[in-house]
Amino acid sequence: MTEIEEVVDEGTEHKTWKGKLWSVVKVVLIIVVTGGLLYYVFSKVPFAKIQARLANGDKVWMTAAVLSYVASMLFSSWRLLSFFKSIGLKLDWRFNLRLYFLGLCYNVLLPGGIGGDGYKIYLLHKRYKLPTKKVFWAILFDRLSGFWAIGAIVVGLIILIPSFPYHLAYPLMIVSIGSVIYYFVARKFFRDYTHKFFQGHAKAICVQSMQLLSIVCLLMAQGFDGKFAPYLLSFLFSSLAAIIPFSLGGGGIRDALFLTLARQFNLTEDMAVYLSFGFYLISIIVALLGVYYVLRPSRLEEGLPKQDVVSEEPSSPNA
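- You'll find the protein entered in an unreviewed UniProt entry as Lysylphosphatidylglycerol synthase transmembrane domain-containing protein, with Mucilaginibacter calamicampi given as the organism.
- Quoted verbatim from the Subcellular location (unreviewed entry) field of the UniProt record, the comment on the protein reads "Cell membrane".

### A word on the pattern of salt bridges
A side chain with one charge can pair with a side chain of the opposite charge if their charged atoms come near.
Point 1. For the coordinates displayed, the defined rule picks out six salt bridges.
Point 2. Salt-bridge contacts for Asp-270 lead to Arg-53; the nearest nitrogen and oxygen are separated by 2.7 Å. Note that Asp-270 is positioned in helix α12 (residues 269-287) and Arg-53 in helix α3 (residues 47-56), a separation of 217 residues in sequence. Considered together, Asp-270 and Arg-53 belong to a single accessibility category, that of buried residues.

### Focus on the UniProt feature "transmembrane region" (unreviewed entry) in the protein
Point 1. Mapped onto this numbering, the UniProt entry annotates "transmembrane region" (unreviewed entry) at residues 21-40, 60-80, 100-123, 135-161, 167-185, 205-224, 230-251 and 272-295.
Point 2. Between the end C-alpha atoms of residues 135-161 there is a gap of 40 Å, over a span that is 89% helix and 0% strand.

### Description of the packing of aromatic side chains
Point 1. Inspection of every chain in the model, using the stated rule, returns 22 aromatic pairs.
Point 2. Taken together, a centroid distance of 5.5 Å and an interplanar angle of 65 degrees make the contact between Phe-136 and Trp-137 edge-to-face.
Point 3. Trp-137 gets classed as partly exposed once you look at its relative accessible area, which sits at 27%.
Point 4. Ring geometry for Phe-197 against Phe-198: centres 5.5 Å apart, planes inclined by 85 degrees, an arrangement best described as edge-to-face.
Point 5. Of the aromatic side chains, those joined through ring pairs into one cluster are Phe-136, Trp-137, Phe-141, Phe-190 and Tyr-193.

### As for unusual backbone geometry
Point 1. Even without being glycine, Lys-129 reaches a positive phi, approximately 60 degrees.
Point 2. Within the secondary structure, Lys-129 sits in the loop between α6 (115-128) and α7 (132-158).
Point 3. What makes Lys-129 exposed here is its relative accessible area of 66%.
Point 4. You will see that Asn-266, though not glycine, has its phi angle at about 60 degrees, which is positive.
Point 5. With respect to the secondary-structure elements, Asn-266 resides in the loop between α11 (253-264) and α12.
Point 6. Asn-266 gets classed as exposed once you look at its relative accessible area, which sits at 71%.

### What about helix α8 (residues 169-189)?
Point 1. In this model, α8 (21 residues) spans 30 Å end to end at C-alpha, consistent with the 30 Å of a helix rising 1.5 Å per residue.
Point 2. When we look at burial in α8, the residues that qualify are Pro-171, Tyr-182, Tyr-183, Ala-186 and Arg-187. In a view along the axis of α8, the buried residues occupy a sector of 120 degrees, so they form one face of it. For α8, the exposed residues set more than 90 degrees away from the buried face come down to Tyr-170, Ile-174, Phe-184, Lys-188 and Phe-189.
Point 3. Taken together, the buried residues of α8 touch α7 and α9 (197-220).

### Observations concerning the side chain of Arg-53
Point 1. Residue classification places Arg-53 among the buried residues on the basis of a relative accessible area of 19%.
Point 2. For Arg-53, the side chain forms a polar contact with the side chain of Asp-270, separated by 2.7 Å.

### Looking at the environment of Phe-84
Point 1. Inspection of the secondary structure puts Phe-84 in helix α4 (residues 59-86).
Point 2. A residue is classified by how much of its surface remains accessible, and Phe-84, at 0% relative accessible area, is buried.
Point 3. Separated by 12 residues in the primary sequence, Phe-84 and Asn-96 have C-alpha atoms spaced 9.6 Å apart.
Point 4. In contact with Phe-84, not counting residues within four places along its chain, are Leu-89, Leu-91, Asn-96, Leu-124, Val-135, Ala-138 and Ile-139.

### Re the environment of Gly-278
Point 1. Take Gly-278: it is sitting in helix α12.
Point 2. If near-sequence neighbours (up to four positions away) are discounted, Gly-278 is found in contact with Leu-54, Leu-218 and Val-273.

### Looking at a nonpolar patch on the surface
Point 1. A cluster of nonpolar side chains, namely Tyr-170, Met-173, Ile-177, Ile-181, Val-185 and Phe-189, defines an oily patch on the protein surface of about 630 Å² accessible area.
Point 2. Mapped onto the fold, Val-185 is located in helix α8.

Criteria and thresholds
- Residues numbered from 1 in each chain as written.
- Predicted model: local features only at pLDDT ≥ 70, side-chain atom pairs only at ≥ 80, totals over all residues.
- Heavy atoms only, no water.
- UniProt positions renumbered as here; feature names shortened; annotations may be inferred.
- Salt bridge = Lys/Arg side-chain N within 4 Å of Asp/Glu carboxyl O.
- Helix = DSSP H or I, 4+ residues; strand = E, 2+ residues; numbered from the N terminus.
- Buried < 20%, exposed > 50% of the residue type's maximum accessible area, 1.4 Å probe, protein only.
- Phe/Tyr/Trp six-rings, centres within 6.5 Å; stacked < 30°, edge-to-face > 60°.
- Expected span 1.5 Å × (residues − 1).
- Arc of directions from axis to C-beta.
- Contact = heavy atoms within 4.5 Å.
- Polar contact = N/O pair within 3.5 Å; in protein donor to acceptor, adjacent residues only side chain to side chain.
- Patch = residues over 30% accessible without salt bridge, like charges linked within 9 Å, V, L, I, M, F, W, Y side chains within 5 Å.
- Areas by Shrake-Rupley, 256 points an atom, 1.4 Å probe, with all protein chains shown as cover.

Encoded structure:
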């Protein structure tokens, strides 16, 4: 059973004493891991340097970084809506957006970064009587599209790094063959979730592009005039690690990996940590916008039709 499914089960059933004990232990471990990794990072790069960069950065570019991240979350919500439509779940875009930001907030409030997905599965199952596994797989394919987009963009950035030790044909071949296999496996075994396959993955590219733009804005806030590609590539690799649900919103893990990659690419270490930590702070600030719906959950459905339409099968596949 996956962690997301466990969260759903925990929300619908009474926990055993073992489940309650594991929940407590898990939270403690997550806090220890996050705190330990941040301690390691700031023992290598003094926090005062990062604080100075954040405080003295150009406010216009810093604001642009926040807005770029917000735009990435809007694209991400739109992407998830595509995968919901694949299973015939026709949500009002306003309800989907509100639920998405509520999920972001739960990802911050509930250690492990999985609480938001679990809550979405629980709520949609309760409202639309859909099997939890069906909603779970739609959300999983939404996540997989993000993985794919990161891989595709990484290959594009590698082309811009002249010191890359291998011929460019290798990464291009890997991502091309991998994409074809990924599509046909999904189409063969998970056909119900691929009716909006290309739409969803195009939106995934937009999500990652806007997050890269946020990093570019953070660099520009420091008056940076060097090569962007190594920093952007390091950010994408660290983003993959940050998905591991064993830290507070990816904190610590992203910073530690970004610092390690900075040494490999001969980047300025305090700039690398400033980017990872600055992005982490932005993600928390934006996620906390969902607190409104935590405190007033009735507003999730304000101004919406009494019941959105749910069909068993999408009427016109668009793959």
